[in-house]
Amino acid sequence: MAISRCNVINANYERVVMVMDRVLQERYRDFCSCPRCISDIAAIALNYLPPHYIVEPSGKKECGSPWIMVETAVFEAIDKVMEKPNHPKANPHADGAERM
Ligand SMILES: [Zn+2]
């Protein structure tokens, strides 16, 4: 049994992370970017998108959902988390979120 060697990645996960990275820096500078909020955004965005598992990342082939869909999912997710962060707004830092 070598199940631990099973190595798949979700191409949409890679895309979501890339878009989040760009969008949060460009447009949401005042956004709480603690690990909890970042993770929440990624989770929400990924739930919007269909999974697209691949074994090897390939630079040539287009993997995952179209960028416009990924961007839409990320924007929706950011709006949701900004509106209702999963931690008290007064304490936006990671150590506060961990105790929730
Ligand atoms: Zn936060």
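This text gives an overview of the structure that appears in the document. Please read all numbers here as calculations on a predicted model, not as lab measurements.

Overview of the overall build of the protein
So, point 1. What the protein contains, in helices and strands, is four helices and two strands.
So, point 2. When the helices and strands of the protein are read in sequence order from the N terminus, they spell out β-α-α-β-α-α.
So, point 3. The buried share among the 100 residues of the protein stands at 22%.
So, point 4. Taking as baseline every contact in the protein between residues at least 6 positions apart, the subset at least 24 positions apart corresponds to 80%.

What about the nonpolar core?
Side chains of nonpolar character tend, in soluble globular proteins, to be buried together.
So, point 1. If you look at the biggest cluster of nonpolar residues, it comprises 14 residues, and the most contacted ones within it are Val16, Ile41, Ala45, Ala73, Val74 and Ala77.
So, point 2. The greatest single-element share of this core, amounting to six residues, is contributed by helix 3 (residues 67-83).
So, point 3. Ignoring any residue separated from it by four or fewer positions in sequence, one finds valine 16 in contact with Ala42, Ala45, Leu46, Val70, Ala73 and Val74.

Quick look at the environment of valine 81
So, point 1. Tracing the backbone through its elements, the reader meets valine 81 in helix 3.
So, point 2. Sequence separation between valine 81 and isoleucine 38 is 43 residues; the distance between their C-alpha atoms is 8.9 Å.
So, point 3. Sequence-distant contacts of valine 81, defined by excluding residues within four places in its chain, comprise Cys37, Asp40, Ile41 and Ile44.

Here's the deal with helix 2 (residues 35-48)
So, point 1. Compared with an ideal rise of 1.5 Å per residue, which puts 14 residues at 20 Å, helix 2 spans 20 Å between its outermost C-alpha atoms and is within 8% of the ideal.
So, point 2. Inspection of helix 2 places Arg36, Cys37, Asp40, Ile41, Ala45 and Leu46 among the buried residues, and these make up the whole buried set.

Digging into the environment of valine 55
So, point 1. Relative to the helices and strands, valine 55 is located in the loop between strand 2 (53-54) and helix 3.
So, point 2. The exposed category is assigned to valine 55, around which 9 C-beta atoms lie within 10 Å.
So, point 3. Along the chain, valine 55 and isoleucine 9 lie 46 residues apart, while their C-alpha atoms are 6.2 Å from each other.
So, point 4. The residues contacting valine 55, other than those within four sequence positions of it, are Asn7 and Val8.

Side note on the packing of helix 2 against helix 3
So, point 1. At a minimum axis distance of 8 Å, the contact between helix 2 and helix 3 shows a crossing angle of 135 degrees. Compared by their axis directions, helix 2 and helix 3 come out oblique. For the element pair helix 2 and helix 3, the recorded crossing hand is right-handed. Where helix 2 approaches helix 3, its residues Cys37, Asp40, Ile41, Ile44, Ala45 and Tyr48 are matched on the opposing element by Ala73, Val74, Glu76, Ala77, Ile78, Lys80 and Val81.
So, point 2. Its residues assigned to classes, the contact of helix 2 with helix 3 shows 10 nonpolar, no polar and three charged.

The rules behind each value
- Residues numbered from 1 in each chain as written.
- Predicted model: local features only at pLDDT ≥ 70, side-chain atom pairs only at ≥ 80, totals over all residues.
- Helix = DSSP H or I, 4+ residues; strand = E, 2+ residues; numbered from the N terminus.
- Buried ≥ 20, exposed ≤ 12 C-beta atoms within 10 Å, placed from the backbone.
- Contact = placed C-beta atoms within 7 Å.
- Core = buried A, V, L, I, M, F, W, Y, C linked by C-beta atoms within 7 Å.
- Expected span 1.5 Å × (residues − 1).
- Axes fitted to C-alpha atoms, helices over the stretch in contact; angles between N-to-C directions.
- Parallel < 35°, antiparallel > 145°, perpendicular 65-115°, else oblique.
- Left-handed = near helix turned anticlockwise from the far one by under 90°.
- Nonpolar A, V, L, I, M, F, W, Y, C, P; charged D, E, K, R; others polar.

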